Amino acid sequence: MKNYDYLIVGSGLFGATFAYFANKKGKKCLVIDKRPQLGGNVYCDKIEGINVHRYGAHIFHTSDKRVWDFVNSLVPFNRYTNSPVANYKGKLYNLPFNMNTFYQMWGVTTPQEAMAEIDRQKAEAVERMHADGANEPRNLEEQALVLIGRDIYEKLIKGYTEKQWGRRCTDLPAFIIKRLPVRLVFDNNYFNDSYQGIPTGGYNKLISKLLEGSDTMTATDFFENRKKWEDTADTIVYTGQIDEFFNYEYGHLNFRTVRFETEVIDTPNYQGNAVVNYTASDVPYTRVIEHKHFEMFGQEVYNTPKTVVSHEYSTEWKPGMEPYYPVNDKANNTLAGKYRELAAKQSNVIFGGRLAEYKYYDMAPIIGKVMDMFGK
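Residues numbered from 1 in each chain as written. Predicted model: local features only at pLDDT ≥ 70, side-chain atom pairs only at ≥ 80, totals over all residues. Heavy atoms only, no water.

Q: Sorry if this is basic, but what is going on with the sheet that holds strand β13 (residues 287-290) here?
A: Neighbouring strands of a sheet are bound in pairs by backbone hydrogen bonds; such pairs are parallel or else antiparallel. Strand order in the open sheet formed by 7 strands is β7-β6-β12-β13-β14-β11-β15, and the pairing between neighbours is mixed. Each end of this open sheet is capped by a strand with a single partner; those strands are β7 (91-94) and β15 (325-326). Pairing of strand β11 (residues 255-265) with β15 involves 2 bridges; the strand directions are antiparallel. Across the sheet, Arg-256 pairs through a bridge with Tyr-325, a residue of β15. (Pairing = 2+ DSSP bridges. Helix = DSSP H or I, 4+ residues; strand = E, 2+ residues; numbered from the N terminus.)

Q: I'm lost on the sheet that holds strand β16 (residues 349-351) in this one. Help?
A: Overall, parallel pairing links the 5 strands, which are arranged β9-β2-β1-β10-β16 in an open sheet. With one partner strand each, in any of the chains shown, β9 (215-217) and β16 form the two edges of the open sheet. Sheet twist, expressed as the mean angle between neighbouring strand axes with direction ignored, is 20 degrees. By the bridge criterion, 3 bridges tie strand β2 (residues 29-32) to β9 in an arrangement that is parallel. Its bridge partner being in β9, Leu-30 is matched across the sheet by Asp-215. (Axes fitted to C-alpha atoms, helices over the stretch in contact; angles between N-to-C directions.)

Q: Looking at this structure, how should I read the pattern of salt bridges?
A: Charged atoms that come close allow side chains of opposite charge to pair. In this structure the tally under the stated criterion is 22 salt bridges. A salt bridge links Asp-45 to Arg-54, with the shortest nitrogen-to-oxygen separation between them at 2.8 Å. Between Lys-369 and Glu-357 there is a salt bridge, with its nearest N and O atoms 2.6 Å apart. With Lys-369 in helix α12 (residues 363-375) and Glu-357 in helix α11 (residues 354-357), this residue pair connects regions lying 12 residues apart in the sequence. Residue class for Lys-369 comes out partly exposed when judged on its relative accessible area of 28%. Taken together, the shared-partner salt bridges connect Asp-64, Arg-66 and Asp-372 into one network. (Salt bridge = Lys/Arg side-chain N within 4 Å of Asp/Glu carboxyl O. Buried < 20%, exposed > 50% of the residue type's maximum accessible area, 1.4 Å probe, protein only.)

Q: Mind showing me how you'd approach helix α1 (residues 13-24) here?
A: Helical geometry: 3.6 residues make up each α-helical turn, so side chains three or four residues apart lie on a common side. Between its first and last C-alpha, α1 extends 17 Å over 12 residues, near the 16 Å set by a 1.5 Å rise per residue. For α1, a buried count of 10 out of 12 residues is recorded, marking the element as mostly surrounded by other parts of the structure. Those residues of α1 not exposed but buried are Leu-13, Phe-14, Gly-15, Ala-16, Thr-17, Phe-18, Ala-19, Tyr-20, Phe-21 and Ala-22. After α1 finishes, the residue Gly-26 shows a positive phi value of roughly 85 degrees. (Expected span 1.5 Å × (residues − 1).)

Q: What should I look at first to understand the pairing of strand β1 (residues 4-9) in this one?
A: Taking burial as the measure, the 6 residues of β1 include 5 buried ones, the bulk of the element. Bridge count between β1 and strand β10 (residues 233-238): 5 bridges; the pairing is parallel. Bridging across to β10, Tyr-4 finds its partner in Ala-233. In this sheet, β2 lies alongside β1 in parallel orientation, the contact comprising 4 bridges. Along β2, the bridge assignment pairs Ile-8 with Val-31. Note on the crossover from β1 through α1 to β2: the handedness is right-handed. (Right-handed = clockwise from strand over helix to strand, strands pointing away.)

Q: Is there a simple way to think about the packing of aromatic side chains in this case?
A: How two aromatic rings sit relative to each other is set out by the distance from centre to centre and by the angle between their planes. Tallied over the entire structure, the rule returns 32 aromatic pairs. Ring geometry for Phe-102 versus Trp-106: centroids 5.8 Å apart, planes at 10 degrees, classification stacked. Remark: Trp-106 and Phe-102 occur in helix α3 (residues 99-106); sequence separation between them is 4 residues, near one turn of the helix. Since its relative accessible area comes to 0%, Phe-102 is described here as buried. (Phe/Tyr/Trp six-rings, centres within 6.5 Å; stacked < 30°, edge-to-face > 60°.)

Q: What should I look at first to understand the packing of α3 against helix α4 (residues 111-131) in this one?
A: Packed helices, taken two at a time, are described by the angle their axes make and the gap between the axes. Contact geometry of α3 with α4 gives a least axis separation of 10 Å together with a crossing angle of 70 degrees. In terms of their interaxial angle, α3 and α4 are classed as roughly perpendicular. Crossing handedness for the pair α3 and α4: left-handed. Residue-level contacts link Met-99, Phe-102 and Trp-106 of α3 to Pro-111, Ala-114, Glu-117, Ile-118 and Gln-121 of α4. A breakdown of the residues in the contact of α3 with α4 according to their chemical character gives 6 nonpolar, 1 polar and 1 charged. (Parallel < 35°, antiparallel > 145°, perpendicular 65-115°, else oblique. Left-handed = near helix turned anticlockwise from the far one by under 90°. Contact = heavy atoms within 4.5 Å. Nonpolar A, V, L, I, M, F, W, Y, C, P; charged D, E, K, R; others polar.)

If you want it as C-alpha cells, here you go:
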C-alpha cells in the first residue's frame, strides 16, 4: 500500500511549494530532507536576534503579481530593496552601473558625459579586438570591454568574475555576459522588478506556511534506502541532483560552490549595507553580507547591540560539498541534456528545481513554475 500521493525529496522552495498546492488539492504529501532542518537554501539561523541566511543571501524579487500576492498571503514581506555596493581597493561604487557609479568612477555629473566616456572606451575595445583579427568577442573579457569599457571592467567586473568562476576572464565564454545594465539615472536599485522584499520574520516562516499539512522528516537521505522511499508514494517529486538520481550513469555534472565564514561582531552596524562586493582579485572573498540589514532599516539596526556578517568564498565543487551554481559550459550542458532525456522517461517522477533541472533559478520563477503546474 502506498501511504502518500507524493513523496517530495527536498524541502527547498520547489518541494515546499509543490507540497502546499498538492495539499490544497487534497493530496497527502511526505517531504523528506537530508539536512537537519527544512527549507533548503533559504533556511535561516537565528543569531543574536538576527535572521542569518545560512546558505547565502536570498532576496525575493518578481514582476509577477500573482506570485507576489501568493507569498504575501502566507507571510507579509518587508520593504527591503537590494542596493549592493562594490569595494575596489577601498573605494566604494554603487551597483548596478548607474549615474552614481559613473560619478564615482570619472567625476561626470550628466548622462551625456557618462555616455560619451563609455562610448569612447567601448570604441577603443572594438578597435583592439579588430586589430587582433576578431570580428566578435571571443571570451568574457572581450565581451565585457565592448559592452562597458576598460575602467569599469578592470575595477568592478574582472576580479569578481574570476573569483566567482575560478577561471580567468579570457578563458570564460563570452555568452556569460550577454549584456551589462547601464542606467543613466541615479538609481541604486539592483533589480528592475516591480516587487522585492524579505519575509517579515525570515524565510523559515514562509517555509513553515508552505509545509503546513504535510508530513516532514529531516536528516533523511532518500538514497540510503531508496526502495523503501519509492514504495511510500504514487509519485516522487525529486529536487536533488539529477545525475545522482541516475547513479551518475553518464558521469558527474559540475557546479560552483560557496564557503561561508560567519561571525558575530560586537558592533550594531558593521558596513551599513546588506551586500558589499569585493571586486579586487587580491581579496580572497567575493562579498560580505551583513544580515540584519535585510530586515532592519534606518535606526532599527541599532536596536541590537551586535551584528552578524558572512564572508563568501567561491570555490570549485567536489562531491560531498553543497552544489550551488551549474557550470553552463558546452560539456556540462551536453551531459545535462542526456540526464534530462532519462528524466523525461520516468512516468512517476517529477523533476523540479535548480539541481534536478541543472538550471539556475531565482526564487520567484520557481514558485511561479509550481503554480503553473497546478494551474494546468
